[in-house]
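Survey of secondary and tertiary structure
Next come the chains, spelled out residue by residue.
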Amino acid sequence: MDDDNNKSNKWNLSLNDMGRSLTLFAVFMGYALFTYFKTKNIFLIFNFVYIGSSIALGLFLINGAPRKLIPTIRRIILFLIGIYLLVYVGFIRTENMQMEGFFFYLFGGIFAGSTIHYLIAKIFGPIIFGRGFCGWACWIVMIFELLPYKKSRGRIKNLGIVKYIVLFLSFGIVLYFWNRGYTIYNYPEREILWFVVGLLLYYLSGIILAFAFNDNRAFCKYLCPIPPIQNILGRFSLIKMSIDKDKCVDCGLCEKNCPMDIKLLDYKNENKRILSTECILCSTCSSVCPKHAISTKIKFDFGKDILNYKIDKK
Ligand code: SF4
Ligand code: SF4
Ligand code: SF4
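The numbers attached to residues start from 1 for each chain and follow its sequence in the written order. Chains carry letters and ligands carry numbers; both start at the beginning, A for chains and 1 for ligands, and go up in the order they are written. Restriction of local features to residues with pLDDT of at least 70 applies here, the model being predicted, together with a cutoff of 80 or more for giving and counting side-chain atom pairs; totals for whole chains, interfaces and linings are based on all residues. As a convention, hydrogens and water are excluded, and side-chain values are obtained from all of the structure's heavy atoms.

**Considering the side chain of aspartate 17**
Secondary structure is summarised from DSSP: a helix means a run of H or I of at least four residues, a strand means a run of E of at least two, and numbering begins at the N terminus for each. Mapped onto the elements, aspartate 17 comes out in helix H2 (residues 15-39). Within the structure, the side chain of aspartate 17 is placed 2.7 Å from the side chain of arginine 20, a separation counted as a polar contact. Residue contacts are defined here by distance: any two heavy atoms, one from each residue, within 4.5 Å place the two residues in contact. Aspartate 17 has contacts with Asn12, Phe60, Asn63 and Gly64, leaving out every residue within four places of it along the chain. For the purposes of these results, a polar contact is taken to be a pair of N or O atoms within 3.5 Å, where, inside protein, one atom must be able to donate a hydrogen and its partner to accept one; residues adjacent in sequence count only when each atom of the pair is a side-chain atom.

**Overview of a nonpolar patch on the surface**
What goes into a patch is any residue over 30% in relative accessible area without a salt bridge, connected to like charges within 9 Å or, for nonpolar side chains (Val, Leu, Ile, Met, Phe, Trp, Tyr), within 5 Å. Every accessible area reported is derived by Shrake-Rupley at a probe size of 1.4 Å, with residue values counting cover from the shown protein chains alone. The salt bridge criterion pairs a side-chain nitrogen of Lys or Arg with a carboxyl oxygen of Asp or Glu, the two atoms within 4 Å. A contiguous nonpolar surface patch, about 840 Å² in accessible area, is contributed by Ile161, Tyr164, Ile165, Phe168, Leu169, Ile173, Tyr176 and Phe177. When you line up the elements, isoleucine 173 lands in helix H10 (residues 162-179). Burial here depends on accessible area, computed with a 1.4 Å probe over protein chains only, as a share of the maximum for the residue type. Under 20% is buried, over 50% is exposed, and the range in between is partly exposed. Judged by relative accessible area, isoleucine 173 falls into the partly exposed class, the value being 39%.

**Some points on the packing of aromatic side chains**
Under the pairing criterion, centres of Phe, Tyr and Trp rings, with the six-membered ring standing for Trp, must be within 6.5 Å; the plane angle then separates stacked pairs below 30 degrees from edge-to-face pairs above 60, leaving the rest tilted. Scanning the entire structure with this criterion turns up 27 aromatic pairs. Ring centres 6.0 Å apart and planes at 65° place the aromatic pair phenylalanine 46 and tyrosine 84 in the edge-to-face group. Highlighted residues: phenylalanine 46 in helix H3 (residues 42-64) and tyrosine 84 in helix H4 (residues 70-92), separated in sequence by 38 residues. Owing to a relative accessible area of 42%, phenylalanine 46 belongs among the partly exposed residues under this scheme. With a relative accessible area of 6%, tyrosine 84 lands in the buried category. With centroids separated by 6.2 Å and ring planes inclined at 25°, the aromatic side chains of tyrosine 105 and tyrosine 185 adopt a geometry described as stacked. Of the two residues, tyrosine 105 is situated in helix H5 (residues 99-108) and tyrosine 185 in the loop between H10 and helix H11 (188-213); the sequence distance between them amounts to 80 residues. Side by side, tyrosine 105 and tyrosine 185 carry an identical accessibility label, which is buried. A positively charged side chain is recorded as over a ring if its NZ (Lys) or CZ (Arg) lies within 6 Å of the ring centre. The angle to the ring normal must also be within 35 degrees. Its end group placed over the ring of tyrosine 36, lysine 40 keeps NZ or CZ at 5.8 Å from the ring centre.

**Observations concerning H4**
Note that an α-helix has 3.6 residues per turn; residues three or four places apart therefore point the same way. Working rule for helices: expected span equals 1.5 Å times residues minus one. The first and last C-alpha atoms of H4 sit 31 Å apart over 23 residues, in line with the 33 Å expected at 1.5 Å per residue. Within the sequence span of H4, burial applies to Ile70, Ile73, Arg74, Ile77, Leu78, Ile81, Gly82, Tyr84, Leu85, Leu86, Val89 and Gly90. In the stretch just after H4, threonine 94 is the one whose phi turns positive, near 45°.

**Re the UniProt feature "transmembrane region" (unreviewed entry) in the protein**
The UniProt feature table records "transmembrane region" (unreviewed entry) at residues 20-37, 44-66, 72-91, 103-121, 127-149, 161-180 and 192-213. Within residues 72-91, the helical portion is 100% and the strand portion 0%, while the C-alpha atoms at the span's ends are 27 Å from each other. UniProt positions are given in the numbering used here, feature names are shortened, and annotations may be inferred rather than shown by experiment.

**Observations concerning the site of ligand 1**
The full set of residues close to ligand 1 is Arg131, Phe133, Cys134, Cys138, Ile140, Val141, Arg217, Phe219, Cys220, Cys224, Ile226 and Pro227. Of all the elements in the fold, those that place two or more residues in the shell around ligand 1 are helix H8 (132-136), helix H12 (218-222) and helix H13 (226-234). One heavy atom suffices: a residue is near a molecule or strand as soon as one of its heavy atoms comes within 4 Å of it.

**Details of the nonpolar core**
Residues enter a nonpolar core if they are buried and are Ala, Val, Leu, Ile, Met, Phe, Trp, Tyr or Cys, with the set joined through side-chain atoms within 4.5 Å. Judged by nonpolar contacts, the single largest core of 74 residues is most densely connected at Leu85, Met99, Trp139, Ile140 and Leu264. Among the elements that line this core, the one with the most residues is H4, at 9 residues. Marked domain ranges trace back to an automatic or database domain assignment. Looking at this core, you find at least three residues from each of domain 1 (2-232) and domain 2 (240-307).

**Brief notes about the pairing of strand S1 (residues 239-243)**
Most of S1 is tucked away, with 4 of its 5 residues classed as buried. For two strands to pair, DSSP has to find at least two bridges joining them. Of the strand pairs in this sheet, S1 and strand S2 (residues 294-298) are connected by 5 bridges, and their pairing is antiparallel. Among the inter-strand pairings, isoleucine 243 is bridged to a residue of S2, identified as isoleucine 294.

**Overview of the site of ligand 3**
Around ligand 3, the neighbouring residues are Met241, Cys258, Pro259, Met260, Leu264, Cys279, Ile280, Leu281, Cys282, Ser283, Thr284 and Cys285. Each residue gets one of three labels, nonpolar for Ala, Val, Leu, Ile, Met, Phe, Trp, Tyr, Cys and Pro, charged for Asp, Glu, Lys and Arg, and polar for the others, Gly among them. Class assignment for the residues of the shell around ligand 3 results in 10 nonpolar, 2 polar and no charged.

**Focus on unusual backbone geometry**
One non-glycine residue, asparagine 214, lies in the positive phi region at around 50°. Structurally, asparagine 214 can be placed in the loop between H11 and H12. Even without glycine at this site, leucine 281 takes up a positive phi of about 55°. Looking at where leucine 281 falls in the secondary structure, it is placed in the loop between helix H15 (264-269) and helix H16 (284-288). Relative accessible area serves as the criterion here: at 11%, leucine 281 is assigned to the buried category.

**Examining the pattern of salt bridges**
Counting across every chain of the model gives 13 salt bridges. Residue glutamate 145 is joined to arginine 74 by a salt bridge in which the shortest nitrogen-to-oxygen separation is 2.8 Å. Within this pair, whereas glutamate 145 is found in the loop between helix H9 (141-144) and H10, its partner arginine 74 is found in helix H4, the two being separated by 71 residues in sequence. The exposure class assigned to glutamate 145 is buried, which follows from its relative accessible area of 9%. Here arginine 155 ties to aspartate 261 by a salt bridge, and the two come within 3.1 Å at their closest N and O atoms. Remark: aspartate 261 occurs in the loop between helix H14 (253-257) and H15 and arginine 155 occurs in the loop between H9 and H10; sequence separation between them is 106 residues. Arginine 155 sits in the buried class, given a relative accessible area of 5%.

Below is the structure:
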């Protein structure tokens, strides 16, 4: 135990971790070149270099950082990427990064920054990193993470259905306007208006929910329309958290601190990785584990395992 604690209270950066981070950065460079050759848009190179280096740096640091610094490092990366997407892509390049913007581009067959973002971060990317976007890059939740309710008190049963209704409404509104010949992508002032109004609605409802349920992540659990999309391929995610059964002493700290109410020990008892699509790979569980028993594992999951949800419901 002392040995574990000593190891996890010091910096322990390794060449292996650096190699893994550089590999990840190379994957982003691959995306950059692929999208650049398809679109001849130099901005895409800058975009992927910025996001790839932020994520690779975050991965390198959390693998070697003292345990108590892990949440801070994750939040710094969350802000680095979230602010970039919000301010640079959203406001300076005037692209509607909200769900409705994506639907407008999709109907118009436009391959814009927002389209690429949704395809990679929210539709196909989850097959590799699940809901990692939600833990490390979301410009909505970065604001909610400043609120005081970091520990969840459990979920309200059946309220999760509301996010499917929001998704349906979001799609329906765009379809309605599209059918009447209304577009946003040729009109920067319309695009910015949709973006700002959508953002304000999300921020306002998220803050109200956080205070109502004493839970910073209440918006993610009940209202955000993104998880139903991420979860289609996210359940197959190669990267998932995993508990080393031999090291775990069943202290329960990981479950008590998980912001997404995941029953980690149920998975451990079944010798499974954390299969829940609610996991946002935030590493909170591994940062509080006194035995250093939780880490990310890369693997395929098949069969009924991928439908195995274990979340704490009130
Ligand atoms: S659930 Fe929605 S608001 Fe929450 S982190 Fe994911 S995309 Fe952001
Ligand atoms: S915090 Fe670590 S030791 Fe405690 S129950 Fe979770 S995995 Fe096991
Ligand atoms: S299981 Fe761990 S990594 Fe996943 S959401 Fe919970 S605390 Fe974060």
